[in-house]
Amino acid sequence: MAVSINLKKNTKVFIMLNPIAILILEHKMIQKGLALLGRLGQKESPESTSDLEELIGFFQLYADRRHHGKEEDLLFKALLKKTLPKELRKILQELIDEHKTARNLINTLKTLKQVPLLEKQACIQKITALYTEHIEKENNRFFVPSFQFFSEEEKTALLNQFQNFDQNLKNPKNYEKIFSEIETRTP
């Protein structure tokens, strides 16, 4: 899979991605969402309520359905067929459990949209802490060691599966644009 990245104004670079790189790039997007969520948790306004709804949608559709979907439905299932060391298998189970916890926290935040800011802040802090630790664990302690258990052919097949997974998603939103709009309303 080739992706273009804007380095400077009017300058693009095309890079070939592997499955790990795709997941790490998606983590960058999730981290942007977390930063905005933290900023929204600092104030109460009519705009912040609609922006919060957009971010909840982002975490449900992008972070969970798209990103966690690739991990759980493709990567983790493939890894569960491998003979992994005990430590990697333990981390894999932790990651699965953390995905479930993240879903529950986002659903809880969804129910808190109309409650006082202080109650939302506690949930936002839990979401931020969970995702921050989770992303660090995947990026630094799980992805690289786990990928040594795949052959080059398996990595290529996984990359193709990731592409098909993304293509089958209905109406993906442009979250870069949505984030930019939220940032202009949330100094």
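Going along each chain's sequence as written, the residues are numbered from 1 onward. With pLDDT at 70 or above as the cut-off, local features in this predicted model cover only qualifying residues; side-chain atom pairs require 80 or more to be listed or tallied, and sums for whole chains, interfaces and linings still use all residues. Working from all heavy atoms in the structure, the side-chain values ignore hydrogens and water.

Things to note about the overall build of the protein
Secondary structure follows DSSP: runs of H or I at least 4 residues long count as helices, runs of E at least 2 residues long count as strands, and numbering of each begins at the N terminus. A count of helices and strands for the protein gives six helices and two strands. Secondary structure elements of the protein, listed N to C terminal, follow the sequence β-β-α-α-α-α-α-α. Three exposure classes are used, based on accessible area relative to the maximum for each residue type with a 1.4 Å probe and protein chains only: buried under 20%, partly exposed in between, and exposed over 50%. With 187 residues in all, the protein has 42% of them scored as buried. Intrachain contacts of the protein at a sequence separation of at least 6 include 76% that bridge at least 24 residues. Calculation of accessible area relied on Shrake-Rupley with a 1.4 Å probe; when residues are assessed, cover is drawn exclusively from the protein chains displayed. Looking at the protein as shown, the accessible area adds up to about 10600 Å², and 54% of this sits on carbon and sulfur atoms. Every residue pair with non-hydrogen atoms within 4.5 Å of one another is taken to be in contact.

Looking at the nonpolar core
What makes a nonpolar core is a set of buried Ala, Val, Leu, Ile, Met, Phe, Trp, Tyr and Cys residues whose side-chain atoms join them at distances within 4.5 Å. Among the nonpolar cores identified, the biggest contains 28 residues, and Ile 30, Leu 37, Phe 58, Phe 59, Leu 109, Ile 127 and Tyr 131 are the most heavily contacted of them. Take this core: its biggest share by element is seven residues, from helix H2 (residues 46-80). If near-sequence neighbours (up to four positions away) are discounted, Ile 127 is found in contact with Leu 34, Leu 37, Leu 105, Ile 106 and Leu 109. Counting 23 residues, the second largest nonpolar core, distinct from the first, contains Ile 20, Phe 150, Leu 158 and Phe 165.

Thoughts on the pattern of salt bridges
It is possible for side chains bearing opposite charge to pair when their charged atoms get close. By salt bridge we mean one thing: a side-chain nitrogen of Lys or Arg within 4 Å of a carboxyl oxygen of Asp or Glu. Counted by the stated rule, this structure contains 15 salt bridges. In this structure, Lys 32 and Glu 176 form a salt bridge, with 3.1 Å as the shortest nitrogen-oxygen distance. In this pair, Lys 32 is assigned in helix H1 (residues 19-40) and Glu 176 in helix H6 (residues 175-185), connecting sequence segments 144 residues apart. Arg 103 is the partner of Glu 72 in a salt bridge, and the nearest nitrogen-oxygen pair spans 2.9 Å. Of this pair, Glu 72 sits in helix H2 while Arg 103 sits in helix H3 (residues 86-111), placing them 31 residues apart in sequence.

Details of the environment of Ala 35
Relative to the assigned elements, Ala 35 resides in helix H1. In this structure Ala 35 comes out as partly exposed when scored by relative accessible area, which is 46%. It is 8.3 Å that separates the C-alpha atoms of Ala 35 and Thr 128, two residues lying 93 residues apart in sequence.

Some points on the confidence of the model for the protein
When pLDDT is averaged along the protein, the result is 88; 89% of the residues meet or exceed 70. Scored from 0 to 100, pLDDT reflects the predictor's confidence in each residue. When the elements of the protein are averaged for pLDDT, strand E1 (residues 2-8) gives the smallest value, 46, and H3 the largest, 96. In this model, residues 1-7 is a region of pLDDT below 50 whose contacts with residues beyond four sequence positions or in other chains number 22 contacts.

Things to note about the packing of aromatic side chains
Only the six-membered ring of Trp is used, alongside the rings of Phe and Tyr, when aromatic pairs are assigned; centres must lie within 6.5 Å, and planes under 30 degrees apart are stacked while those over 60 apart are edge-to-face, with the rest tilted. Counted according to the given criterion, the structure contains ten aromatic pairs. Their ring planes at 75 degrees and their centres at 5.1 Å tell us that Phe 58 and Phe 59 sit as a pair that is edge-to-face. Given the relative accessible area of 0%, Phe 58 is considered buried. By relative accessible area, Phe 59 is classed as buried at 2%. Each ring, one from Phe 58 and one from Phe 179, has its centre 4.9 Å from the other, and the planes form 70 degrees; the classification is edge-to-face. Separated by 121 residues along the polypeptide, Phe 58 in helix H2 and Phe 179 in helix H6 bring together distant segments of the chain. The exposure classification of Phe 58 matches that of Phe 179, with both residues buried. A network of ring pairs unites the aromatic residues Phe 58, Phe 59, Tyr 62, Tyr 131, Tyr 175 and Phe 179 as a single cluster. Over the ring of Phe 162 we find Lys 70, and its NZ or CZ is 5.9 Å from the ring centre. A ring is considered to have a charge above it if a Lys NZ or an Arg CZ atom is located within 6 Å of its centre and within 35 degrees of its normal.

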